[in-house]
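Geometric and topological summary
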Amino acid sequence: MKLIELLQDLRGITPVKKEEELIQIEHLEMDSRLVENNTLFFCINGYTVDGHDFAKMAQEKGAVAIIAERPLPLSIPVIVVPDTKRAMAKLANRFYDEPTKKLQLIGVTGTNGKTSVTHILDQIFRDANQKTGLIGTMYTKIGDEVIETKNTTPESLVLQQRFHSMHEHGVETALMEVSSHALHLGRVRGCDFNTAIFTNLTPDHIDYHETMDHYLYAKSLLFSQLGNTYEGKCAIINADDPASDRLIHMTTADIITYGMKKKVDVQAKDVKVTAAGTSFKLVVFGESIHVQLKLIGLFNVYNTLAAAAAAYNSGLTLKQIKGSLEQLTGIAGRFEPVDAGQDFTVIVDYAHTPDSLENVLQTVQEFAENQVRVVVGCGGDRDASKRPVMGRIAVQYADETIFTSDNPRTEEPSAILADMTAALDQDQYQMIEDRKLAIEYAIKQAQPGDIILIAGKGHETYQEIGRERIHFDDREVAQAVLKERVQ
Ligand SMILES: CC(=O)N[C@H]1[C@@H](OP(=O)(O)OP(=O)(O)OC[C@H]2O[C@@H](n3ccc(=O)[nH]c3=O)[C@H](O)[C@@H]2O)O[C@H](CO)[C@@H](O)[C@@H]1O[C@H](C)C(=O)N[C@@H](C)C(=O)N[C@H](CCC(=O)O)C(=O)O
Ligand SMILES: Nc1ncnc2c1ncn2[C@@H]1O[C@H](COP(=O)(O)OP(=O)(O)OP(=O)(O)O)[C@@H](O)[C@H]1O
Ligand SMILES: N[C@H](CCC[C@H](N)C(=O)O)C(=O)O
Ligand SMILES: [Mg+2]
């Protein structure tokens, strides 16, 4: 694409010279290390470094033009804009030919349940013979191709490229987790969502958003950018969550409410949660069907309702939806059992917020025939305010709590554990900094009928210590210890 074509959406920018207008742009890039010939490079002033410092390197590697927030002494055109991130979202959208207009795009936001809802939807649409794409915490998936990702919701440039690739591969429906960071940092600008789903809002990420109000405001941006009813846009909202009212007022799209406690459009009635699964009557706009889930926990009924509402809204029948829901066996690292034939239960779960930890502990408490032991920690360089709360929840619900490390990152593991235990008595918990030893200890203590919950890391296959990621998988560790014990 010619530089001039790409720049047409930017108003009031430094004009390029006539002879520069025809420069061919073949790639867009924001990381100098990845620049190739004929790249347009965006200088982003980040949290760690300033991308403007890498413009020269980008030129040396083949960049033919630069988008920056200030003039730079380079021999290639430097187009100065007030906000490179904003410009990047716009230009990427044009470069990749507005890919989200060619897909059904369903965005899911909320503190907990995003990965779960996107995966439930993925299953439903696949069963309906649609080719799907998925962008989220665990990976990006285009059909069956899996691409590793760093962020739950990538930067706009990466997003638009992925959506373009999805379209090229015949994807019809894309499911995306939309994090509050992404909304606040403008990563999803230019995405044309058909449907936006809200799961819930409970304390997390206060290190970044500072207050719950700001956190909700960030989440609400998904609904304010949705478009309106007449374009077929739809907001699917958990009416049992106190934030629902504010979100409903943020959008002019059609609203579908779901929940269990109020009169809503999509409802679960007669819910029965057992250790073997969950059953309920799914009522959608007055039409109802019985559903028997293999998924466990009341929170998964909420996730199922959100997914059912979105699937129904996009034309699938209740029978189709029921068929898929009943086949779902689970999502990696979400209430995932580790079984080596032992006479007690080991569950690995991604609960890393106060609300999710409480929910999942309540669930295991209900089923435990004997004692509940929990192994849990809190991430370093993340919201410290959740540490004492998670500490209190763990000892409140579990018979034995083992506090341990969960991605300490650049913090001292002992300092994180001190925050978690500050308000507790020493006889209420064990503290074993090394996560492997903590899991070993919990499993060695287990009696028949016990449940051991290993919380916080779920599907993660690493422990982040300092800036390094070392291979670590709760499921592998638990499996190895169990095998030794069972032999
Ligand atoms: C706070 C935050 O969001 N940081 C994100 C941000 O990093 P940053 O600002 O530190 O970037 P930087 O390293 O300063 O680099 C600035 C620019 O220089 C460029 N650069 C850098 C080095 C170089 O040699 N050459 C070069 O060109 C970089 O490519 C970049 O364009 O931009 C990066 C690229 O997009 C992101 O990967 C990174 O996410 C980090 C890893 C992160 O941990 N983010 C978390 C807080 C986050 O976003 N989490 C949410 C999920 C939250 C949830 O659970 O709900 C998410 O969506 O992932
Ligand atoms: N609807 C829900 N309400 C409360 N807790 C939930 C819900 N769904 C899942 N959980 C709990 O939260 C954990 C994380 O779930 P999931 O990965 O689906 O959330 P997420 O929103 O994608 O999280 P992240 O922000 O880390 O991407 C699960 O392991 C479970 O313990
Ligand atoms: N998306 C979340 C995941 C947290 C997972 C937990 N294991 C941790 O490292 O705190 C975050 O980056 O805050
Ligand atoms: Mg997720």
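Residues numbered from 1 in each chain as written. Chains lettered and ligands numbered in written order. Predicted model: local features only at pLDDT ≥ 70, side-chain atom pairs only at ≥ 80, totals over all residues.

Considering the packing of helix α10 (residues 298-313) against helix α11 (residues 318-327)
The criterion, for reference: Axis lines are fitted through C-alpha atoms, for helices just across the contact stretch, and the angle between N-to-C directions can take any value from 0 to 180 degrees. Secondary structure follows DSSP: runs of H or I at least 4 residues long count as helices, runs of E at least 2 residues long count as strands, and numbering of each begins at the N terminus. Note: crossing handedness is left-handed where the near helix turns anticlockwise from the far helix by less than a right angle, and right-handed where it turns clockwise. Each residue gets a C-beta atom placed from its backbone, and two residues are in contact if those atoms lie within 7 Å.
One way to put it is that α10 packs onto α11 with a least axis distance of 10 Å and a crossing angle of 140 degrees. Between α10 and α11 lies a crossing whose hand is right-handed. The residues of α11 that touch α10, namely those facing T304, A308, A311 and Y312, are L318, I321 and L325.

Some details on the packing of helix α4 (residues 114-127) against α11
Each pair of packed helices gets described by two things: the angle between the helix axes and the distance between those axes. Threshold: Angle categories are assigned with fixed cut-offs, so that under 35 degrees is roughly parallel, over 145 is roughly antiparallel, 65 to 115 is roughly perpendicular, and the rest are oblique.
Where α4 meets α11, the axes come as close as 9 Å, and the angle between the chain directions of the two elements is 120 degrees. Taken together, the axis directions place α4 and α11 in an arrangement best described as oblique. The handedness of the crossing between α4 and α11 is right-handed. Mapping the contact onto sequence places Q123, I124 and D127 in α4 and I321, G323 and S324 in α11.

Regarding the site of ligand 3
The following threshold applies: Nearness here is judged by the C-beta atom: place it from the backbone, and if it falls within 6 Å of a molecule or strand, the residue counts as near that partner. Residue polarity is assigned by list, with Asp, Glu, Lys and Arg as charged and Ala, Val, Leu, Ile, Met, Phe, Trp, Tyr, Cys and Pro as nonpolar; anything else, Gly included, falls into the polar class.
Near ligand 3, the surroundings consist of T152, H352, G379, R382, D406, N407, G456, K457 and E460. Grouping the constituent residues of the shell around ligand 3 by class yields no nonpolar, five polar and four charged.

Section: the UniProt feature "binding site: ATP" (unreviewed entry) in the protein chain
As a reminder of what qualifies: UniProt positions are given in the numbering used here, feature names are shortened, and annotations may be inferred rather than shown by experiment. Residue burial is a threshold on neighbouring C-beta atoms within 10 Å of the residue's own C-beta, all placed from the backbone, with 20 or more meaning buried, 12 or fewer meaning exposed, and counts in between meaning partly exposed.
Mapped onto the present numbering, the UniProt feature "binding site: ATP" (unreviewed entry) falls at G110, T111, N112, G113, K114, T115 and S116. Position of T111 among the secondary structure elements: in the loop between β5 (104-109) and α4. Residue T111 is classed as buried on the basis of its 21 C-beta neighbours within 10 Å. In this view, T111 contacts N200, L201, T202, D204, T353 and D355; residues no more than four positions away in its chain are not counted. The class of G113 is buried, set by 26 C-beta atoms lying within 10 Å. Those residues in contact with G113 that lie beyond four places of it in its chain are T199, N200, F299, Y302 and N303.

Quick look at the pairing of strand β13 (residues 266-274)
To keep things clear, this is the line we draw: In this description, strands pair whenever DSSP reports at least two bridges between them.
Inspection of the sheet shows strand β12 (residues 254-259) paired to β13 by two bridges, in the parallel sense. Among the inter-strand pairings, Y258 is bridged to a residue of β13, identified as V266. Where β13 lies against strand β14 (residues 277-284), seven bridges are found, and the strand directions are antiparallel. Its bridge partner lying in β14, A268 is registered against L282. Counted between consecutive antiparallel strands, the loop separating β13 from β14 contains two residues.

Topic: the pairing of strand β18 (residues 372-376)
Rule in force here: Handedness of a crossover: with both strands directed away from the viewer, a clockwise path from the first strand across the helix to the second marks it as right-handed.
Across the five residues of β18, four count as buried, placing the element largely inside the fold. As paired strands, β18 and strand β21 (residues 451-455) are joined by four bridges and run parallel to one another. Residue pairing across strands places V374 opposite L453, the latter belonging to β21. As paired elements, β18 and strand β19 (residues 400-403) share four bridges and run parallel to each other. The residue of β19 that forms the bridge with V376 is F403. With respect to chirality, the unit in which β18 leads through helix α13 (residues 386-397) into the neighbouring parallel β19 is right-handed.

Brief notes about the UniProt feature "domain: Mur ligase central" (unreviewed entry) in the protein chain
The positions UniProt marks with the feature "domain: Mur ligase central" (unreviewed entry) are residues 108-311. Along residues 108-311, the helical share is 33% and the strand share 27%, with 13 Å between the first and last C-alpha atoms.

Overview of the domain arrangement of the protein chain
Quick reminder of the rule: Boundary definitions for the domains trace back to an automatic or database domain assignment.
Here the protein chain is described as being made up of domain 1 (3-95), domain 2 (99-327) and domain 3 (336-486). Just the C-alpha atoms count here: the centres of domain 1 and domain 3 sit 46 Å apart.

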